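Residues per chain, in single letters:
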Amino acid sequence: MDNVLRKLTEIIRSREDADPKRSYVASLIENGEDYILKKLGEEAAETIIAGKNDDVTELVNETADLWFHSLVLLRYKGVELEDVLKELESRFIRSGFDEKRERKN
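Sequence positions are assigned chain by chain, starting from 1 and proceeding in written order. Totals for whole chains, interfaces and linings use every residue, but because this is a predicted model, local features are given only for residues with pLDDT of at least 70 and side-chain atom pairs only at 80 or more, for both listing and counting. Only heavy atoms go into the side-chain values, all of them from the structure, while hydrogens and water stay out.

Thoughts on helix α2 (residues 24–31)
- Among all positions in α2, only Val25, Ala26, Ser27, Leu28 and Ile29 are buried.
- Helix and strand assignments follow DSSP, with helices taken as H or I runs no shorter than four residues and strands as E runs no shorter than two, numbered in order from the N terminus. Phi turns positive, to about 90°, at Gly32, one or two residues after α2. Any residue under 20% of the maximum accessible area for its type is buried, any over 50% is exposed, and the rest in between are partly exposed; the area is computed with a 1.4 Å probe on protein chains only.

Here it is as structure tokens:
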């Protein structure tokens, strides 16, 4: 599954310097951090709403949009996908409660 995320990350990277009139990724990057965060917030809200509905297809579509915009934000901020994957992997060996407690301290 992470191959899909890696491929999408590469596509985002390849399009970030494209013509913003022809590339959605480039238009997001050109509009900057606040715009990307706004789009991410919209997708998060739409995912929440889809989660309250009974339409699984809508939930899948909105989650895909949320993940895509998250990857754009990571790229914009210079954070590598590998960093997020490593963090997720590190959580396999400890409980979610312990992990949350560690973050609070």
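So, the nonpolar core
- Side-chain atoms within 4.5 Å are what join buried Ala, Val, Leu, Ile, Met, Phe, Trp, Tyr and Cys residues into a set we call a nonpolar core. Counting residues in hydrophobic clusters, the biggest one holds 14 residues, and the most contacted among them are Ile12, Ile36, Phe68 and Val72.
- When residues of this core are traced back to their parent elements, those giving at least two are α1 (2–15), α2, α3 (33–52), α4 (56–77) and α5 (81–90).
- Take this core: its biggest share by element is five residues, from α4.
- Contacts are assigned to residue pairs with any non-hydrogen atoms lying within 4.5 Å of each other. Once you skip the residues sitting within four places of it in the chain, Ile36 turns out to touch Leu28, Ile29, His69, Val72, Leu73 and Tyr76.

A look at empty space enclosed by the protein
- Using protein atoms alone on a 1 Å grid, points that fit a 1.4 Å probe yet trap it form a cavity, whereas open point sets bounded by protein on both sides within 12 Å along at least five of seven lines form a pocket; residues with an atom within 4 Å of a point count as lining. Grid points are joined across faces, edges and corners, and a volume is the space filled by probe spheres set on the points. Counted under the stated rule, the structure contains one cavity of 30 Å³ or more.
- Considering the residues around the largest cavity, the lining is formed by Thr9, Ile12, Arg13, Leu71, Leu74, Arg75, Val79, Glu80 and Leu81.
- Elements with a contribution of two residues or more to the lining of the largest cavity: α1 and α4.
- Three categories are distinguished: nonpolar for Ala, Val, Leu, Ile, Met, Phe, Trp, Tyr, Cys and Pro, charged for Asp, Glu, Lys and Arg, and polar for the others, with Gly belonging to the last. Counted by class, the lining of the largest cavity contains five nonpolar, one polar and three charged residues.

Things to note about the layout of surface pockets
- The calculated volume of the largest pocket comes to roughly 230 Å³.
- Lining the largest pocket are ten residues, and of these Leu5, Trp67, Leu81, Val84 and Leu88 sit closest to its centre.
- Among the elements of the structure, α4 and α5 are those that each provide at least two residues to the lining of the largest pocket.

Digging into a nonpolar patch on the surface
- Patches in this entry comprise residues that are over 30% relatively accessible and not in a salt bridge; like charges within 9 Å are linked, as are nonpolar side chains (Val, Leu, Ile, Met, Phe, Trp, Tyr) within 5 Å. Computed with a 1.4 Å probe, the accessible areas rest on the Shrake-Rupley method; for each residue, only the protein chains presented here act as cover. In what follows, salt bridge is the name for a side-chain nitrogen of Lys or Arg lying within 4 Å of a carboxyl oxygen of Asp or Glu. A surface patch of nonpolar side chains, about 200 Å² in accessible area, is lined by Val79, Val84 and Leu88.
- Residue position: Val84 is located in helix α5.
- By relative accessible area, which is 31% here, Val84 ends up partly exposed.

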